[in-house]
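# Overview (structure and organization)
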Amino acid sequence: MSRLLRLLVVIGPLVVPAAAFAQQDVGAYNRALSAFNAGQFDSAAPLFAQLAEGEDADLKGKAEYYLAQTFAKKELPVAAFISYAAIVNAGPKHPSYLKAIEGLVDMQQRLDEQNLIPSILNQAYSDEVRDQWVTLPKEVLARINYLVGTATQRRMRFDEARALLEAVPSDSRVYAKARYLLGTVLADPRFPGRPGEGETLDKEAIAAFQTVLSTKEPQVELPETRELALLALGRVHYRRGEYADAVKAYEGVPRYARFWDQALFENGFARFQNEDFGGALGSLQALHAPQFEGAFQPESWILKSTVYYYSCLYDEVKTTLAAFDERYGPMAKQLEPFTGEELPPVQAFNLVVAENRRLPRAVYLWIRNNERIREVMRTLTRVDAEKRAIVDGPWRGTPLAAQTVASLEEIRGTLLQVGGTLAKNRIKEAADNLRTFSDQAEIIRVQTALDEKDLFSAGVDQKTLLTRQTLYRPKMPGASWNYWRFQGEFWIDEIGYYQYTLKRGCPARAEK
């Protein structure tokens, strides 16, 4: 072995001064920033990713932020959200902390992500950082208040949610959504102060919903938010026994809008409680039209049978309950394998990702219509699209690609757990509803038989009683309305305007 080789073995690798490394990092950062500013994001991202693993805290912090910015510019919002979230979770000492919060809120808007980002912001929104957060742009802070308000409302921290939602200014694009959620919070029976302050809270909730209805564009999802506000307004009036006002609110939901079927159902209850039995059956007639064949509304048949029961129309009661059994009896049996605690959340979510006929179609559609589940599905689709873009893109085979795909996979797993838990709870809720309403159907069936027996024992000839009565046309709402008798066909322009007239099979009570 030569003397030179022996020296190399003994001495080992050459040690480069730290200052030299720092100079190299600064040069790499400048090259990355120049590429970013020139729109050369494919070149900038690997350089930022490499610097984000470095030792220089200042360069590392800047590189982490610009890597997130690069993902956003590359239309990779989930990857950007992950990078922004890492900075936010690092805390306020991070040099790009406030900018990362802005970026996270921006990605939430772009993705319409309602599960993970609000929770991240909620965890970060502590007393320690509030003084810093108030320096954020006004619209960013408004969105944060709304998003954190949704998270605290789900956790039933109602006082905190109220304060956050009331802080959203009227010139914010999420003002209508914040007012709707504020009304929901104030109307919640679990809100602190009820029942003593119930009257005041109800009035404030009603005012919040009415504000939504009067709010003008531009707003985020204003038409849908108005529909939700009308439903919520109807529920507050219904709970207060103000049934005519509840009917007015429910009938304000536009025909064939997303929540119209729910409005028809709840309007049936309000009209029934308002002693408008024909109107209640009219709402249910619309809800049971072929256009709502896929709706999951088992309670509507219980309501329909109840309306007939109160009119002593016992044959109609039995016919309605038979229809309930025929439609929903098989559904209850079909759900049995999926209601146990042993069902893994991911398996529950997979049941609703694609139509596989293992769930009853009405239940399947009902679960998929849940906004939070829809959001999980949208975000998962976005995650998979970004994974493909990275694996097949210009970063293929690089450490950046491997690290980003791993982060996307981690988020994917979290979303599957969130979506699975939501789906599992909805499946259980559907099964519980079917069991509850089946029990109610049996109670009505037994009570109907007892009442029929009592009429027979009293010598009442109900058929003769009904034959003597005359059915009259319902009252016309105005001069521009026409009357058409329903003859078994559902015309699209008539659905929603049905009004029954009923005979009454109850014998007159003797006056005392």
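Rules used throughout
Residues numbered from 1 in each chain as written. Predicted model: local features only at pLDDT ≥ 70, side-chain atom pairs only at ≥ 80, totals over all residues. Heavy atoms only, no water. Helix = DSSP H or I, 4+ residues; strand = E, 2+ residues; numbered from the N terminus. Rg over C-alpha atoms; globule rule 2.2 N^0.38 Å. Buried < 20%, exposed > 50% of the residue type's maximum accessible area, 1.4 Å probe, protein only. Contact = heavy atoms within 4.5 Å. Areas by Shrake-Rupley, 256 points an atom, 1.4 Å probe, with all protein chains shown as cover. Lys, Arg positive; Asp, Glu negative; His and termini not counted. Charge placed at Lys NZ, Arg CZ, Asp CG, Glu CD. pLDDT = per-residue confidence, 0-100. Salt bridge = Lys/Arg side-chain N within 4 Å of Asp/Glu carboxyl O. Axes fitted to C-alpha atoms, helices over the stretch in contact; angles between N-to-C directions. Left-handed = near helix turned anticlockwise from the far one by under 90°. Nonpolar A, V, L, I, M, F, W, Y, C, P; charged D, E, K, R; others polar. Disulfide = S-S within 2.5 Å. Phe/Tyr/Trp six-rings, centres within 6.5 Å; stacked < 30°, edge-to-face > 60°. Lys NZ or Arg CZ within 6 Å of the ring centre and 35° of its normal. Polar contact = N/O pair within 3.5 Å; in protein donor to acceptor, adjacent residues only side chain to side chain. Core = buried A, V, L, I, M, F, W, Y, C linked by side-chain atoms within 4.5 Å. Expected span 1.5 Å × (residues − 1).

## Structural notes on the overall build of the protein chain
When you go through the protein chain residue by residue, the secondary structure sums to 23 helices and zero strands. Rg of the C-alpha trace for the protein chain: 31 Å, well past the compact-globule value of 24 Å for 512 residues, more than 25% over. Buried positions account for 45% of the 512 residues belonging to the protein chain. At a minimum sequence separation of 6, the contacts of the protein chain that also span at least 24 residues come to 66%. Approximately 27200 Å² of the protein chain is accessible, and the part contributed by carbon and sulfur atoms is 53%. Counting 63 positive and 65 negative side-chain charges, the protein chain places the centres of these two groups 2 Å from one another.

## Concerning the confidence of the model for the protein chain
With 94% of its residues at a pLDDT of at least 70, the protein chain reaches an overall mean of 91. Confidence drops under pLDDT 50 across residues 1–21; counting only partners more than four residues distant or on other chains, this segment forms two contacts.

## Notes on the pattern of salt bridges
Overall, the coordinates contain 38 salt bridges when judged by the stated rule. Between Lys-74 and Asp-42 there is a salt bridge whose closest N-O contact spans 2.6 Å. Here Lys-74 is found in the loop between helix 4 (57–73) and helix 5 (77–90), whereas its partner Asp-42 is found in helix 3 (residues 41–51), with 32 residues between them in sequence. Classification of Lys-74 as partly exposed rests on a relative accessible area of 29%. A salt bridge links Glu-242 to Arg-240; the nearest nitrogen and oxygen atoms lie 3.0 Å apart. A relative accessible area of 25% places Arg-240 in the partly exposed class. Linked by salt bridges that have partners in common, Arg-194, Glu-199, Asp-202, Lys-203, Arg-239, Arg-240 and Glu-242 make up one network.

## Observations regarding the side chain of Ser-83
Note on placement: Ser-83 falls in helix 5. Overall, the relative accessible area of 15% leaves Ser-83 in the buried class. Excluding residues that lie within four positions of it along the chain, Ser-83 makes contacts with Ala-68 and Phe-71.

## Regarding the packing of helix 5 against helix 6 (residues 97–111)
Two quantities define a packed helix pair, namely the angle between the axes and the distance from one axis to the other. Running from N to C, helix 5 and helix 6 point in directions that differ by 145°, and their axes come no closer than 8 Å. As helix 5 runs across helix 6, the sense of the crossing is left-handed. Here helix 5 contributes Pro-77, Val-78, Ala-80, Phe-81, Tyr-84, Ala-85, Ile-87 and Val-88 to the contact with helix 6, which in turn contributes Tyr-97, Ala-100, Ile-101, Gly-103, Leu-104, Met-107, Arg-110 and Leu-111. Counted by class, the contact of helix 5 with helix 6 contains 14 nonpolar, one polar and one charged residues.

## Here's the deal with the state of the cysteines
Applying the stated criterion across every chain yields a total of one disulfide. A sulfur-sulfur separation of 1.8 Å characterises the disulfide bridge that pairs Cys-312 with Cys-506. Handedness of the Cys-312-Cys-506 disulfide follows from its S-S torsion of about 95°: it is right-handed. Placement of Cys-312 in the loop between helix 17 (298–310) and helix 18 (314–335) and of Cys-506 in the segment after helix 23 (462–467) is noted, with a sequence separation of 194 residues between them. You can call Cys-312 buried: its relative accessible area is 10%.

## Digging into the packing of aromatic side chains
Tallying each qualifying case throughout the model produces 26 aromatic pairs. Measuring from ring centre to ring centre gives 6.4 Å for Phe-36 and Phe-48, while their planes differ by 70°; the resulting arrangement is edge-to-face. On the criterion of sequence distance, the pair formed by Phe-36 in helix 2 (residues 18–37) and Phe-48 in helix 3 is long-range, its members being 12 residues apart. The exposure class assigned to Phe-36 is buried, which follows from its relative accessible area of 10%. Taken together, the ring pairs in this structure connect Tyr-29, Phe-36, Phe-41, Phe-48, Tyr-65, Tyr-66 and Tyr-84 into an aromatic cluster. Directly above the ring of Trp-395 sits Lys-74, whose terminal nitrogen or CZ lies 5.4 Å from the centroid. The ring of Trp-366 has Arg-426 sitting right over it, with the charged end atom 3.7 Å from the ring centre.

## Let's talk about the environment of Phe-81
Its place among the elements puts Phe-81 in helix 5. Residues within four places of Phe-81 in sequence aside, it is in contact with Leu-104, Met-107, Leu-111, Leu-116, Ile-117, Ile-120 and Ile-411.

## Some remarks on the side chain of Ser-119
Tracing the chain through its elements places Ser-119 in helix 7 (residues 116–124). Within the structure, the side chain of Ser-119 is placed 3.1 Å from the backbone oxygen of Asn-115, a separation counted as a polar contact.

## Some points on helix 16 (residues 277–287)
Summarising burial for helix 16: 11 of the 11 residues are buried, a large majority. Phe-277, Gly-278, Gly-279, Ala-280, Leu-281, Gly-282, Ser-283, Leu-284, Gln-285, Ala-286 and Leu-287 are the residues of helix 16 that are buried. Packing partners of the buried residues in helix 16 comprise helix 15 (260–273) and helix 17.

## Side note on the nonpolar core
If you look at the biggest cluster of nonpolar residues, it comprises 156 residues, and the most contacted ones within it are Phe-81, Tyr-84, Leu-104, Trp-133, Phe-296 and Leu-359. If we ignore the near neighbours within four places in the chain, the residues touching Trp-133 are Tyr-97, Leu-98, Ile-101, Leu-121, Ala-124, Tyr-125, Leu-141 and Ile-144.

## Concerning helix 13 (residues 222–239)
Spanning 18 residues, helix 13 covers 25 Å between terminal C-alpha atoms, matching the ideal 26 Å at 1.5 Å per step. On its buried face, helix 13 is in contact with helix 11 (175–187), helix 12 (198–214), helix 14 (243–250) and helix 15. Downstream of helix 13 by one or two residues, Gly-241 has phi in the positive range, about 80°.

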